[in-house]
Amino acid sequence: MTRPLLNRRLQGLGTSIFAEMSARAVATGAVNLGQGFPDVDGPATVSEAAVEAIRTGKGNQYPPGPGIPELRTAVANHQHRFYGLPYDPATEVLITAGATEAIAAALLAMLEPGDEVIAFEPYYDSYAANIAMAGAARVPLTLRPPHFRPDLAELEAKVTDKTRLLLINSPHNPTGMVLTRAETEAIAAIAKRHDLLVVTDEVYEHLTFDREHIPFATIDGMRERTVSVSSAGKTFSFTGWKVGWVTGTPEIVNAVRTTKQFLTFVASGPFQYAVAEALSLPGEYFGDLAGELKRKRDLMITGLRTIGFEVYQPDGTYFITTDITPLGEKDAVGFCLGLPDRAGVVAIPNAVFYDDQQAGRTQVRFAFCKRDEILEEALSRLAVLAQ
Ligand SMILES: Cc1ncc(COP(=O)(O)O)c(C=O)c1O
């Protein structure tokens, strides 16, 4: 066969680095601080709700296309409880197979071939793939260390008459940058000035440390142009359940639903019931989650600095980006590939999240959503790098 099997738009995307590095962790017995998933499951009451749903036949058959009414109502209540945002569960909430499907469905729905999408670089790996699937072009706005703040003048300068939307992720994976209110307002003003849509990936909305998450939809005039995306995976420590959602105007939700229904149609039936309960947990749950993660963040910052990494303190997410230059290292990809054998630890090279691989060449990301003893074990193994 002379023609490549893979669509030419998708060539070069390769295998997800997360899958590759997690497989390496399993094969070598290394401590896996690569892929972002907690090593302790979320609240037992929430897993019990999923078990109960399966036992009592709730969601074992195809749930309704837009998601079960209980969950759509719970999502709307959550948006109102935390952000004062009113959404009609009947027309303004859509349940998806994780945020991943929500983002894919939104981009496939709203992009035409040739459109441009501006997104922060380094970016979550599915963004580039989804933009390519839609036949659009990605235009990176590079976030630079040590603070990874977006340059807003540069952002506006990147807008052309082909720009269709801004794909914004805050709290930001992998850097841990959390947009301030002023930055959110300034980006919103750019979107309004140039009549752009904003697709906002807020999966780490509850994982912030001393900084408030500001949803774009709360900014004046943004509700009608914002596709808000979030999911249960990070907030409730059930990343395998893949329950996500979109909130937006009926027109926005309808457009996303049109593509979503032909991707998975529906997913995660029984888990939808459990997530509806999880979203109604008391405020204390959300505060405790962030407090616990902040403590783990600080443990890792101190440990990694002691070993000799340059550490960029994250304000959100459960990732820490470091620079390996002070360890005498120049190439994070080679460093991470060798790390399981050298130190028994798996980490992710941020270069894979950049188009311009030079930009993230010496950055390495560690996930800290693990038990303390695992973090301590990883730090004690990484100490060989200091010798
Ligand atoms: C920025 C970002 N968006 C989306 C996702 C995926 O979310 P979900 O598991 O709900 O599909 C992740 C998971 O790591 C992420 O980091």
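Notes on the structure follow.

Notes on the overall build of the chain
Thinking step 1. Scanning the chain from N- to C-terminus turns up 13 helices and 13 strands.
Thinking step 2. In terms of principal-axis extent, the alpha carbons of the chain reach across some 60 × 55 × 50 Å.
Thinking step 3. If you take every contact in the chain between residues at least 6 apart in sequence, the share linking residues at least 24 apart comes to 76%.
Thinking step 4. Taking the average place of the 36 positive charges on the side chains of the chain and the average place of its 46 negative ones, the gap between the two points comes to 3 Å.

Side note on the sheet that holds strand E12 (residues 348-349)
Thinking step 1. In space, the four strands of this open sheet follow the order E9-E10-E13-E12, with antiparallel pairing throughout. If you trace the sheet from one side to the other, it starts and ends with strand E9 (310-312) and E12, each paired once.
Thinking step 2. Note that E12 and strand E13 (residues 363-367) share two bridges and pair antiparallel. Bridge pairing in E13 links Pro349 to Val364.
Thinking step 3. Its contacts with the sheet place helix H11 (residues 283-307) against E9, strand E10 (319-323) and E13, and it is angled at close to 15 degrees to E10.

Quick notes on helix H2 (residues 44-55)
Thinking step 1. With 12 residues, H2 ought to run about 16 Å at 1.5 Å a step, and its terminal C-alpha atoms sit 16 Å apart, in line with that.
Thinking step 2. For H2, every residue scored as buried is listed here: Val46, Ala49, Ala50 and Ala53. Burial along H2 is one-sided: seen end-on, the buried residues are contained in an arc of 100 degrees. Residues of H2 that are exposed and point more than 90 degrees away from the buried face comprise Ala44, Thr45 and Arg55.
Thinking step 3. Residues of H2 that are buried sit in contact with helix H10 (269-278).
Thinking step 4. Where H2 terminates, the next one or two residues include Gly57, which has phi positive at roughly 75 degrees.

A look at helix H1 (residues 17-28)
Thinking step 1. Across its 12 residues, H1 extends 16 Å between first and last C-alpha, which sits within 8% of the 16 Å expected from 1.5 Å per residue.
Thinking step 2. Buried within H1 are the following residues: Ile17, Phe18, Met21, Ser22 and Ala25. For H1, the arc enclosing every buried residue in end-on projection is 125 degrees, short of the 170-degree limit, so these residues lie on one face. Facing away from the buried side of H1, by more than 90 degrees, are the exposed residues Val26 and Ala27.
Thinking step 3. Summarising the contacts, the buried residues of H1 are in contact with strand E1 (31-32), helix H5 (125-133), helix H12 (332-343), strand E11 (345-346), E12 and E13.

Some words on the packing of H11 against helix H13 (residues 372-382)
Thinking step 1. Their axes nearest at 10 Å, the elements H11 and H13 cross at an angle of 10 degrees. Taken together, the axis directions place H11 and H13 in an arrangement best described as roughly parallel. Two secondary-structure elements touch here, H11 through Arg295, Lys296, Leu299, Met300, Gly303, Leu304 and Ile307 and H13 through Asp372, Leu375, Glu376, Leu379 and Leu382.
Thinking step 2. When its residues are assigned to classes, the contact of H11 with H13 shows seven nonpolar, one polar and four charged.

Reading the values: rules and limits
Residues numbered from 1 in each chain as written. Predicted model: local features only at pLDDT ≥ 70, side-chain atom pairs only at ≥ 80, totals over all residues. Heavy atoms only, no water. Helix = DSSP H or I, 4+ residues; strand = E, 2+ residues; numbered from the N terminus. Contact = heavy atoms within 4.5 Å. Lys, Arg positive; Asp, Glu negative; His and termini not counted. Charge placed at Lys NZ, Arg CZ, Asp CG, Glu CD. Pairing = 2+ DSSP bridges. Axes fitted to C-alpha atoms, helices over the stretch in contact; angles between N-to-C directions. Expected span 1.5 Å × (residues − 1). Buried < 20%, exposed > 50% of the residue type's maximum accessible area, 1.4 Å probe, protein only. Arc of directions from axis to C-beta. Parallel < 35°, antiparallel > 145°, perpendicular 65-115°, else oblique. Nonpolar A, V, L, I, M, F, W, Y, C, P; charged D, E, K, R; others polar.

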